[in-house]
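Residues per chain, in single letters:
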Amino acid sequence: MLLTITTTHRPATDLGFLLHKHPDRFQSFNLSFGQVHVFYPEVSPDCCTACLLLDVDPVGMVRGKKTNSNFQVDQYVNDRPYAASSFMSVAISQVYGSAFQGRCKDKPELAAISIPLAARMDVLPVRGGEQFLRKVFEPLGYEVGCEGYSLDDQFPEWGESPYFSVTIRKTTTLADLLTHLYVLIPVFDNRKHYFVGEDEMEKLLAKGESWLAEHPAKEEITRRYLKNRPSLYREALARLMQEEEPDDTEEQVHIRNEREDALERPLSLNDERLGTVLAALRASGAKKVLDLGCGEGKLIRDLMKDKQFVEIVGLDVSIRSLETAQRRLKLERLSENQQERVRLIHGSLMYRDKRLEGFDAAAVVEVVEHLDPPRLEAFERVLFEFARPRTAVLTTPNREFNVKWESLEPGRFRHPDHRFEWTRQEFQDWATRVASRFGYEVRFLPVGPVDEKLGAPTQMGVFHNGQ
């Protein structure tokens, strides 16, 4: 398998310094799966090309003691010597290690300079075709050229193969190019020749810290990189979403929340909202309760006072909020039995989480309006299809009531982080559709003082599936 990297940066021979490989030498390296060779077919001040050639030994891999059929090397005849795969990622990290880490011994300033680079892979397996190839590379700013191949020219009816010759071009640092290749080559192949565990997740988060959180295909990239292991990619995605959050201090978060609290304080709305949710949970007969989007733990504090609730779990995507809740609830001071009763967990409402299954009821208090509308369907499935509590109590602002607050500018939401706020009809339409889709019944209750024309400031839906 061949990877070529070309630059037209002047002098182009700087590529040799960046790669720590002299252009006049043919170099070979022994790795666990075979040999890797580095050579330069073109060297001039105007253009320089370095080749990384993998000579994978499939027979040796099959005969090795660590052979595993999941690694796709359990047959003597396979595509690993010819197709870019996780073997190539290993070769990049070991043979081009200094460049991969952004170091250049002889010309250290070079490593930080963006230069015109082109990388060509012959041949890259792309499970998902050209569309997925472009979906991954183009958001990173690469110009993509690719050539597909049929399964057999003699039998066109067999269709196209998943293999492509791919060239990507961008003015960037060599370290960034190698990092993207290192992470994404196994993603396209959707296979790995080694075990994928927590170390691999940490590796992905480390190598993707500057670009993956904002990538529109981050979910599929993460899932494929971690071999579709739900517990790993769920945690990785939750941590990526945490990285997307503004890096606010606890004081800044508190100030933002205080603005909303100050708006609602004259109505004692927050206290009434929590009291109404608590009453609905009591009435449901629930003993095991989830607080989804628990924030700083205000509802959990009230749940802890009621002996009806024998298991209370709070989940939030913000580690900062969970740390604040931990301190305010003084969980470390509880008895051992009480500590087993109350848990705080880090996670996202965008992804299925088996830790949320088996509960009698779930509370979702002033959370849904913080979600981007395109992600609502994912949230619906997480709560009503996968977690599937017998009862779900959900509250959200009533946008119609906002005109009652003179300090709130027309058209503004109550909180700067709200992505939307529903009218009563919009909320009821959404809740009714969701209830019908997932086999629930829903009833609606006002929270706070009711205006004859505008309704109440908070609207609440109580979902019940009759189990």
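If you're wondering where the values come from, they're calculated on a predicted model, not measured in any experiment. (Residues numbered from 1 in each chain as written. Predicted model: local features only at pLDDT ≥ 70, side-chain atom pairs only at ≥ 80, totals over all residues. Heavy atoms only, no water.)

Chemist: Just checking my understanding: could you explain the overall build of the protein chain for this structure?
Modeler: Scanning the protein chain for helices and strands turns up 16 helices and 14 strands. In the protein chain, which comprises 467 residues, the proportion classed as buried is 51%. Within the protein chain, contacts between residues at least 6 apart in sequence are counted, and of these 72% link residues at least 24 apart. Surface exposure of the protein chain reaches about 22400 Å², of which carbon and sulfur atoms provide 48%. (Helix = DSSP H or I, 4+ residues; strand = E, 2+ residues; numbered from the N terminus. Buried < 20%, exposed > 50% of the residue type's maximum accessible area, 1.4 Å probe, protein only. Contact = heavy atoms within 4.5 Å. Areas by Shrake-Rupley, 256 points an atom, 1.4 Å probe, with all protein chains shown as cover.)

Chemist: Any chance you could explain a nonpolar patch on the surface here in plain terms?
Modeler: A cluster of nonpolar side chains, Leu 151, Phe 155 and Trp 158, forms an exposed patch at the surface whose accessible area comes to about 320 Å². For Phe 155, the position within the fold is in the loop between strand 6 (143-150) and strand 7 (160-172). Using a relative accessible area of 36% as the deciding quantity, one classes Phe 155 as partly exposed. (Patch = residues over 30% accessible without salt bridge, like charges linked within 9 Å, V, L, I, M, F, W, Y side chains within 5 Å. Salt bridge = Lys/Arg side-chain N within 4 Å of Asp/Glu carboxyl O.)

Chemist: Before we go on, may I ask you to explain the sheet that holds strand 7 in this structure?
Modeler: Overall, antiparallel pairing links the 7 strands, which are arranged 2-3-4-1-5-7-6 in an open sheet. For this open sheet the edge positions go to strand 2 (27-31) and strand 6, each flanked by a neighbour on one side alone. With strand direction ignored, the average angle separating the axes of adjacent strands in the sheet is 15 degrees. Sheet topology note: the strand 3 (residues 34-43)/strand 4 (residues 48-56) ladder contains 8 bridges and is antiparallel. If you follow His 37 over to strand 4, its bridge partner there is Leu 53. (Pairing = 2+ DSSP bridges. Axes fitted to C-alpha atoms, helices over the stretch in contact; angles between N-to-C directions.)

Chemist: Would you mind going over the sheet that holds strand 12 (residues 391-397) with me for this structure?
Modeler: The strand order across the open sheet formed by 7 strands is 10-9-8-11-12-14-13, and the pairing between neighbours is mixed. Every other strand in the sheet has two partners, leaving strand 10 (342-346) and strand 13 (441-447) as the edge strands with one partner each. For this sheet the average axis-to-axis angle between neighbouring strands, irrespective of direction, equals 20 degrees. As paired strands, strand 8 (residues 288-292) and strand 11 (residues 361-365) are joined by 3 bridges and run parallel to one another. The residue of strand 11 that forms the bridge with Leu 290 is Ala 362. Those strands touched by helix 13 (residues 319-329) are strand 9 (311-316) and strand 10, and its axis lies near 165 degrees from that of strand 10.

Chemist: In this structure, what is going on with the packing of helix 5 (residues 129-137) against helix 6 (residues 174-189)? I would like to understand it.
Modeler: Packed helix pairs are specified by the crossing angle of their axes together with the interaxial distance, meaning the distance between the axes. Running from amino to carboxyl end, helix 5 crosses helix 6 at an angle of 160 degrees, the nearest separation of the two axes being 11 Å. Taken as axis vectors, helix 5 and helix 6 run roughly antiparallel relative to one another. In this structure, helix 5 meets helix 6 at a crossing whose hand is right-handed. Across the interface between the two elements, Phe 132, Leu 133, Val 136 and Phe 137 of helix 5 pack against Leu 181, Leu 184, Val 187 and Phe 188 of helix 6. (Parallel < 35°, antiparallel > 145°, perpendicular 65-115°, else oblique. Left-handed = near helix turned anticlockwise from the far one by under 90°.)

Chemist: What am I meant to see in the pairing of strand 14 (residues 458-464) here?
Modeler: Here is the key point about a regular strand: its side chains alternate between the two faces of the sheet. In terms of residue burial, strand 14 counts as a mostly covered element, since 6 of its 7 residues are buried. Inspection of the sheet shows strand 12 paired to strand 14 by 7 bridges, in the antiparallel sense. When the bridges of strand 14 are listed, Pro 397 appears paired with Thr 458. Relative to strand 14, strand 13 runs antiparallel, the two sharing 7 bridges. Within strand 14, the position partnered with Glu 441 by the bridge is His 464.

Chemist: For this particular structure, what's the right way to read the pattern of salt bridges?
Modeler: Oppositely charged side chains are able to pair whenever their charged atoms sit close together. All chains considered together, the criterion is met by 28 salt bridges. Of the charged contacts, one joins Arg 224 and Glu 220 as a salt bridge, the two residues approaching to 3.5 Å between their closest N and O atoms. Of the two residues, Arg 224 and Glu 220 both sit in helix 8 (residues 218-225), 4 residues apart, roughly one turn of that helix. The class for Arg 224 is buried, based on a relative accessible area of 11%. We classify Glu 220 as partly exposed; its relative accessible area is 26%. In this structure, Asp 353 and Arg 234 form a salt bridge, with 3.5 Å as the shortest nitrogen-oxygen distance. Here the residue Asp 353 occupies a position in the loop between strand 10 and strand 11, and Arg 234 occupies one in helix 9 (residues 230-244), the gap between them amounting to 119 residues. The residues Asp 353 and Arg 234 share a single accessibility class, namely buried. Each of Glu 377, Glu 380, Arg 433 and Arg 437 takes part in one network of salt bridges that share partners.

Chemist: How should the packing of aromatic side chains be read in this particular structure?
Modeler: Given two aromatic rings, one states the distance between the centres and the angle between the planes to describe the pair. On inspection of all chains with the given rule, the structure shows 16 aromatic pairs. Ring geometry for Phe 33 versus Phe 87: centroids 4.7 Å apart, planes at 55 degrees, classification tilted. Taken as a pair, Phe 33 in the loop between strand 2 and strand 3 and Phe 87 in helix 3 (residues 86-95) lie far apart in primary sequence, 54 residues in all. Taken individually, Phe 33 and Phe 87 each receive the classification buried, so the pair is uniform in this respect. One aromatic cluster is present, built from ring pairs that chain together Phe 384, Phe 420, Trp 422, Phe 427, Trp 430, Phe 438, Tyr 440, Phe 444 and Phe 463. Lying across the ring of Tyr 163, Arg 127 places its NZ or CZ 5.9 Å from the centre. One Lys or Arg, Lys 170, reaches over the ring of Tyr 142 and ends 5.1 Å from the middle of that ring. (Phe/Tyr/Trp six-rings, centres within 6.5 Å; stacked < 30°, edge-to-face > 60°. Lys NZ or Arg CZ within 6 Å of the ring centre and 35° of its normal.)

Chemist: Got a minute to help me understand the side chain of Thr 222 in this structure?
Modeler: Mapping Thr 222 onto the fold places it in helix 8. Residue classification places Thr 222 among the buried positions, given a relative accessible area of 0%. Residues in contact with Thr 222, not counting those within four places in the same chain, are Leu 204, Leu 212, Tyr 233, Ala 236, Leu 237 and Leu 240.

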